Amino acid sequence: MAEAEAELEAVPARAPDRARAREREPGREGARDAAAAGAGRRGPMLEGLRGYRLIVGMWIRSTMTYRTSFVLTTFGQAAITLLDFVAIYIMFSHVDALGGFVLPEIALLYGSCSASLGLADLLLGNTDRIGARIRDGSLDTMLVRPVPVLAQVAADRFALRRLGRIGQGVGVMGWAVWTLDVDWTVGKVLLVPVMVLAGAAIFGAVMVAGAAFQFVSGDAAEVQNSFTYGGCTMLQYPPTVFAKDLLRGVTFIVPLAFVNWLPALYVLGRPDPLGLPGWVAYLSPLVAFVVFLPASLAWRAGVRSYRSTGS
């Protein structure tokens, strides 16, 4: 942990400092200059990924120091999130279908959405803490490090226990795929993992956009959660039970429908309630990229507009 923090804090020294260091350790000075030149060639994106890896590795090593606690908390989170599907299962003990969907079909919706949100929450879930850092001034310490702020915010307090949500979501989705009577083709088989990964990217873009909004609002974590956790709860149920205006909103404004609704409808061979063609099911990766563009621009604008509290 100490090694990772030292590497993150290793900003290049000023010219007088380098002169004094050269007098004491000429060999190490050349190594530092070479490292600084290499960092400049890597670019901000690679530097961000490197910094993210270092911080995540630090937190993982800290977590695995108490492995029994890690196993218990991971299992506990999986069990708690699985209760949502247990409620759906109990509901189907009284009805045969919901909105024309049977239990395995809804299990596909539930599992894919839960796995996507769990993956996004694992990688970027701590972005909702940016509001607290803005208020207490601790964001200043991140701004002086030679690592992009987004990488530091996303990796801060990395919680490996969130694998529990991913595991139970994949398990439910696997049961649904095994149970469903679907005419599987190569395209449908490949669409299932793409649906999960693209859905995680869409949720991640929403998280980044919500974090950027907190530079303006000061604290909007619950607004961000309403689109992520609240959106996932909505996506666990078939689109046929919702009004058309809501479906248009989550398709063309905040494109959460591309997380799992549109791909899952294609896999199940069901028509889209809005009448969209079947090929739109394969647009989820493109939609994730398109959503990330304004989210990243909003984040950069938020960082540039940040004013320290002076504390």
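Criteria and cut-off values
Residues numbered from 1 in each chain as written. Predicted model: local features only at pLDDT ≥ 70, side-chain atom pairs only at ≥ 80, totals over all residues. Heavy atoms only, no water. Disulfide = S-S within 2.5 Å. Helix = DSSP H or I, 4+ residues; strand = E, 2+ residues; numbered from the N terminus. Buried < 20%, exposed > 50% of the residue type's maximum accessible area, 1.4 Å probe, protein only. Contact = heavy atoms within 4.5 Å. Salt bridge = Lys/Arg side-chain N within 4 Å of Asp/Glu carboxyl O. Lys, Arg positive; Asp, Glu negative; His and termini not counted. 1 Å grid on protein atoms, 1.4 Å probe; cavity = no way out; pocket = protein on both sides within 12 Å on 5 of 7 lines; lining within 4 Å. Points joined across faces, edges and corners; volume = space filled by probe spheres on them. Patch = residues over 30% accessible without salt bridge, like charges linked within 9 Å, V, L, I, M, F, W, Y side chains within 5 Å. Areas by Shrake-Rupley, 256 points an atom, 1.4 Å probe, with all protein chains shown as cover. Axes fitted to C-alpha atoms, helices over the stretch in contact; angles between N-to-C directions. Parallel < 35°, antiparallel > 145°, perpendicular 65-115°, else oblique. Left-handed = near helix turned anticlockwise from the far one by under 90°. Nonpolar A, V, L, I, M, F, W, Y, C, P; charged D, E, K, R; others polar.

Visitor: Is there a simple way to think about the state of the cysteines in this case?
Guide: Two cysteines form a disulfide when their sulfur atoms are joined by a covalent bond. Under the definition given, this model contains 1 disulfide. A sulfur-sulfur distance of 2.5 Å marks the disulfide that ties Cys113 to Cys232. Placement of Cys113 in helix α5 (residues 103-124) and of Cys232 in helix α11 (residues 221-235) is noted, with a sequence separation of 119 residues between them. For the residue pair Cys113 and Cys232, the accessibility class agrees, reading buried in each case.

Visitor: How do you make sense of helix α13 (residues 261-268) when you look at a structure like this?
Guide: Note: α-helices contain 3.6 residues per turn, so residues at a spacing of three or four share the same orientation. For α13, a buried count of 7 out of 8 residues is recorded, marking the element as mostly surrounded by other parts of the structure. Contacts made by the buried residues of α13 are with α5, α10 (186-217), α11, α12 (244-253) and α14 (284-305). The first or second residue beyond α13 is Gly269, which carries a positive phi of 75°.

Visitor: Looking at this structure, I do not really get the side chain of Ser114. What am I missing?
Guide: You can see Ser114 is positioned in helix α5. If we skip the residues at most four places from it in the chain, Ser114 touches Arg165, Gln168, Gly169 and Cys232.

Visitor: Sorry, what's going on with the pattern of salt bridges here?
Guide: Any two side chains of opposite charge can pair if their charged atoms end up close together. Under the criterion given, the structure shown has 6 salt bridges. With its nearest N and O atoms 2.8 Å apart, the salt bridge here joins Arg133 to Asp156. Of the two residues, Arg133 sits in helix α6 (residues 130-136) while Asp156 sits in the loop between α8 (149-155) and α9 (163-179), which places them 23 residues apart along the sequence. Of the two residues, Arg133 and Asp156, neither departs from the other in class, the shared state being buried. For Asp245, the salt bridge identified is with Arg248, shortest N-O distance 3.0 Å. Of this pair, Asp245 and Arg248 both sit in helix α12, separated by 3 residues, roughly a single helical turn.

Visitor: Is there a simple way to explain the side chain of Asp140 in this structure?
Guide: Locating Asp140 in the fold gives a position in helix α7 (residues 139-143). Buried charge without a salt bridge: Asp140, with Arg133 as the nearest opposite-charge side chain at an N-O distance of 9.3 Å. When sequence neighbours within four positions are dropped, the list of residues in contact with Asp140 reads Tyr306 and Ser308.

Visitor: Hey, could you run me through the environment of Pro255 in this one?
Guide: Tracing the backbone shows Pro255 in the loop between α12 and α13. Residues in contact with Pro255, not counting those within four places in the same chain, are Ile202, Val250, Val287 and Val291.

Visitor: Is there a simple way to explain the layout of surface pockets in this structure?
Guide: Any empty space left between atoms is shown by rolling a water-sized probe over those atoms. Of the voids in this model, the largest pocket is the one considered here, and its volume is about 910 Å³. Contributing to the lining of the largest pocket are 24 residues, with Met45, Leu49, Leu150, Ala151 and Phe292 lying nearest its centre. Of all the elements in the fold, those that place two or more residues in the lining of the largest pocket are α3 (26-63), α5, α8, α10 and α14. Per element, the largest residue contribution to the lining of the largest pocket is 6 residues, and it comes from α14.

Visitor: Is there a simple way to explain empty space enclosed by the protein in this structure?
Guide: Taken as a whole and assessed by the stated rule, the structure comprises 2 cavities of 30 Å³ or more. In this structure, the largest cavity occupies an estimated 50 Å³ of space. Considering the residues around the largest cavity, the lining is formed by Pro239, Leu247, Thr251, Ala257, Trp261, Leu262, Leu265, Asp272, Pro273 and Leu274. When contributions to the lining of the largest cavity are tallied by element, the ones reaching two or more residues are α12 and α13. Element by element, the count of residues in the lining of the largest cavity is highest for α13, at 3 residues.

Visitor: Hey, could you run me through a nonpolar patch on the surface in this one?
Guide: Among the surface-exposed residues, Ile80, Leu82, Leu83, Val86, Tyr89 and Ile90 lie close enough to one another that they form a single nonpolar patch of about 570 Å² accessible area. Relative to the elements of secondary structure, Leu82 occurs in helix α4 (residues 67-91). Judged by its relative accessible area of 32%, Leu82 falls in the partly exposed class.

Visitor: Looking at this structure, I do not really get the packing of α5 against α10. What am I missing?
Guide: Think of two packed helices as two axes; the pair is described by the angle between the axes and how far apart they sit. As a packed pair, α5 and α10 sit with axes 8 Å apart at the nearest point and diverge in direction by 50°. In this view, α5 runs oblique relative to α10, as classed from their interaxial angle. Between α5 and α10 the crossing geometry is right-handed. From α5, Ser112, Cys113, Ala115, Ser116, Leu117, Leu119, Ala120, Asp121 and Leu124 reach across to α10, where they touch Met195, Val196, Leu197, Gly199, Ala200, Phe203, Gly204, Met207 and Val208. Of the residues in the contact of α5 with α10, the class split is 13 nonpolar, 4 polar and 1 charged.

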